Amino acid sequence: LVVEATLVLSRQERERVFTSEIAAEANRLLELRGERQKLSPETVGRRLRNLGLRPHRLTNAGNGLTFDKATVTEIQRLAAMYVEEDLLSETENLPRPQTAENKKVEEVV
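Residues numbered from 1 in each chain as written. Predicted model: local features only at pLDDT ≥ 70, side-chain atom pairs only at ≥ 80, totals over all residues. Heavy atoms only, no water.

With respect to the element layout, Glu 25 can be found in helix H2 (residues 19-32). For Glu 25, a relative accessible area of 7% corresponds to the buried category. There is a polar contact of 2.7 Å between the side chain of Glu 25 and the side chain of Arg 28. (Helix = DSSP H or I, 4+ residues; strand = E, 2+ residues; numbered from the N terminus. Buried < 20%, exposed > 50% of the residue type's maximum accessible area, 1.4 Å probe, protein only. Polar contact = N/O pair within 3.5 Å; in protein donor to acceptor, adjacent residues only side chain to side chain.)

The next point concerns the side chain of Thr 6. By secondary structure assignment, the location of Thr 6 is in helix H1 (residues 2-10). Within the local environment of Thr 6, its side chain forms a polar contact with the backbone oxygen of Val 2, the two atoms lying 2.7 Å apart. With sequence-adjacent residues up to four places away left out, Thr 6 is seen in contact with Ile 22, Leu 48, Leu 65, Phe 67 and Ile 75. (Contact = heavy atoms within 4.5 Å.)

Turning next to the pattern of salt bridges. Charged atoms that come close allow side chains of opposite charge to pair. Here the structure, examined in full by the defined rule, presents five salt bridges. A salt bridge links Glu 31 to Lys 38; the shortest N-O distance between them is 3.9 Å. The exposure classification of Glu 31 matches that of Lys 38, with both residues exposed. (Salt bridge = Lys/Arg side-chain N within 4 Å of Asp/Glu carboxyl O.)

We now examine the sheet that holds strand E3 (residues 62-66). Taken together, three strands build an open sheet; the order of strands is E1-E3-E2 and the sheet is antiparallel. The open sheet terminates on both sides in strands that have one partner only, identified here as strand E1 (16-18) and strand E2 (56-59). Direction aside, neighbouring strands of the sheet carry axes that sit 55 degrees apart on average. Sheet topology places E2 next to E3; three bridges connect them, and they run antiparallel. The residue bridging Arg 57 from the neighbouring strand is Asn 63, located in E3. Packed onto the sheet, H2 meets E1 and E3 and runs at close to 75 degrees relative to E1. (Pairing = 2+ DSSP bridges. Axes fitted to C-alpha atoms, helices over the stretch in contact; angles between N-to-C directions.)

At their nearest, the axes of H1 and H2 sit 9 Å apart, and the two run at 115 degrees to each other. It follows from the interaxial angle that H1 and H2 lie roughly perpendicular. For the pair H1 and H2, the crossing hand works out as right-handed. Contacts from Val 2, Glu 4, Ala 5, Thr 6, Val 8 and Leu 9 in H1 reach Glu 21, Ile 22, Glu 25, Ala 26 and Leu 29 in H2. Of the residues in the contact of H1 with H2, the class split is seven nonpolar, one polar and three charged. (Parallel < 35°, antiparallel > 145°, perpendicular 65-115°, else oblique. Left-handed = near helix turned anticlockwise from the far one by under 90°. Nonpolar A, V, L, I, M, F, W, Y, C, P; charged D, E, K, R; others polar.)

Burial analysis of H1 places nine of its nine residues in the buried class, the great majority of the element. Taken together, the buried positions of H1 are occupied by Val 2, Val 3, Glu 4, Ala 5, Thr 6, Leu 7, Val 8, Leu 9 and Ser 10.

It is worth spelling out the nonpolar core at this point. Formed by 22 residues in total, the largest nonpolar core has its most connected members in Ile 22, Val 44 and Leu 48. Looking at this core, the elements that each hand over two or more residues are H1, H2, helix H3 (41-50) and helix H4 (69-82). Beyond its immediate chain neighbours, meaning those up to four positions away, Ile 22 contacts Val 2, Ala 5, Thr 6, Leu 9, Val 17, Val 44, Leu 48 and Leu 65. (Core = buried A, V, L, I, M, F, W, Y, C linked by side-chain atoms within 4.5 Å.)

See below:
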């Protein structure tokens with residue numbers, strides 16, 4: 001699940017991602033699958049380390065991954081091992097909740 005969430009975020013043409021964002025994506029996937037379990041950013045960080053991905057301090061706000069070529073290649077290798085192809089295609093077509101970054105602000109007159 002952590003690999004799947006990280007893969008989804010790596011495909012969004014971002015330079016980096018916080019572990020809290022990976023946890024939020026993993027929790028969104030869990031919720032869409034009817035699961036009640038929630039992952040914390042700390043748990044996600046430990047699982048990333050266990051998978052061979054090394055989260056590091058991005059800012060004072062927290063730790064995460066930088067999506068450099070080597071990291072993205074490793075994420076794709078892990079996804080080939082752990083994520084079923086049909087799950088990936090479903091994940092990419094699932095609706096995304098709106099965040100502050102992609103919400104349109106409409107002015108009411």
